[in-house]
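Here are the chains, one letter per residue:
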Amino acid sequence: MKPREITSIATLGRTVNTEYQIVYCGTPWSVPCRTQYSILMKIAEYYTGWRPIAQVDIEKYPEIASELAIQSIPTILVFSRGREIHRIVGLQSLKNLLNALTDFLPAQAMTPFNEEIKSTHSRRKIQVMRG
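What you see is a predicted model, and the numbers here were worked out from it, not measured in a lab.

## A few points about the layout of surface pockets
Stage number 1. For the largest pocket, the calculated volume is near 220 Å³.
Stage number 2. Lining the largest pocket are Lys-2, Glu-5, Tyr-24, Gly-26, Thr-27, Pro-28, Cys-33, Arg-34, Tyr-37, Gln-55, Val-56 and Asp-57.
Stage number 3. Among the secondary structure elements, those contributing two or more residues to the lining of the largest pocket are strand S2 (21–26), helix H2 (31–44) and strand S3 (53–57).
Stage number 4. Residues of the lining of the largest pocket, tallied by class, amount to five nonpolar, three polar and four charged.

Right, dumping it as structure tokens:
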């Protein structure tokens, strides 16, 4: 699922007037932004029938970046019915991002990630014990 691209302030207004909307702000040339984007896409693949993520290329659309008061990238904004309710600045791991978004994501989306995190933790534990 490709996120909706926000190309104007009018599009931004229409996009964030949903119950919950995640707006990702970054640039395609930045390595931290590309990394954060791929983590967000991993989260988004577990949502069926809901498009929770929109993106803004702040270099291409500086007026939107200014409207959103973006000072550092990557930045993730969570909106609820047109109001910003949460802001995450800087590159976040999958686990940290999920922890930060837990209050805003549907509960059924967390199950696959909890299993993956447990599985990864178990594999690392076994590797440490084997030396």
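## Topic: the state of the cysteines
Stage number 1. Counting across every chain of the model gives zero disulfides.
Stage number 2. Take Cys-25: it sits in no disulfide, and the sulfur closest to it among the cysteines is that of Cys-33, at 9.3 Å.
Stage number 3. Among the residues examined, Cys-25 registers a relative accessible area of 0% and is labelled buried.

## Side note on the nonpolar core
Stage number 1. Ile-22, Leu-40, Ile-53, Ile-76, Leu-97 and Leu-101 are the most contacted members of the largest nonpolar core, which totals 17 residues.
Stage number 2. Looking at this core element by element, the count peaks at six residues for H2.
Stage number 3. Ile-6, Val-16, Leu-68 and Ile-70 belong to the second-largest nonpolar core, a separate cluster that totals 15 residues.

## Considerations on the pairing of S2
Two faces make up the sheet, and in a regular strand the side chains alternate between them.
Stage number 1. Burial runs high along S2: six of the six residues are buried.
Stage number 2. A two-sided burial pattern is seen for S2, the buried positions comprising Gln-21, Val-23 and Cys-25 on one face and Ile-22, Tyr-24 and Gly-26 on the other.
Stage number 3. Sheet analysis places S2 next to strand S4 (residues 75–80), joined by five bridges and oriented antiparallel. By the bridge assignment for S4, Val-23 is matched with Leu-77.
Stage number 4. As defined by bridge partners, S2 adjoins S3 across five bridges and the pair is classed as parallel. Directly across from Tyr-24, in S3, lies its bridge partner Gln-55.

## A short note on the pattern of salt bridges
Stage number 1. For the structure shown, the criterion picks out two salt bridges.
Stage number 2. One salt bridge connects Glu-5 with Lys-60, and the closest N-O pair in it is separated by 4.0 Å. With Glu-5 in strand S1 (residues 4–5) and Lys-60 in the loop between S3 and helix H3 (62–67), this residue pair connects regions lying 55 residues apart in the sequence.
Stage number 3. Among the residues examined, Glu-5 registers a relative accessible area of 33% and is labelled partly exposed.
Stage number 4. By relative accessible area, which is 53% here, Lys-60 ends up exposed.
Stage number 5. In this structure, Arg-87 and Glu-84 form a salt bridge, with 2.9 Å as the shortest nitrogen-oxygen distance.
Stage number 6. Residue Glu-84 is classed as partly exposed on the basis of its relative accessible area, which comes to 36%.

Each value, and the rule that gives it
Residues numbered from 1 in each chain as written. Predicted model: local features only at pLDDT ≥ 70, side-chain atom pairs only at ≥ 80, totals over all residues. Heavy atoms only, no water. 1 Å grid on protein atoms, 1.4 Å probe; cavity = no way out; pocket = protein on both sides within 12 Å on 5 of 7 lines; lining within 4 Å. Points joined across faces, edges and corners; volume = space filled by probe spheres on them. Helix = DSSP H or I, 4+ residues; strand = E, 2+ residues; numbered from the N terminus. Nonpolar A, V, L, I, M, F, W, Y, C, P; charged D, E, K, R; others polar. Disulfide = S-S within 2.5 Å. Buried < 20%, exposed > 50% of the residue type's maximum accessible area, 1.4 Å probe, protein only. Core = buried A, V, L, I, M, F, W, Y, C linked by side-chain atoms within 4.5 Å. Pairing = 2+ DSSP bridges. Salt bridge = Lys/Arg side-chain N within 4 Å of Asp/Glu carboxyl O.

The values are spatial; any link to function lies outside them.
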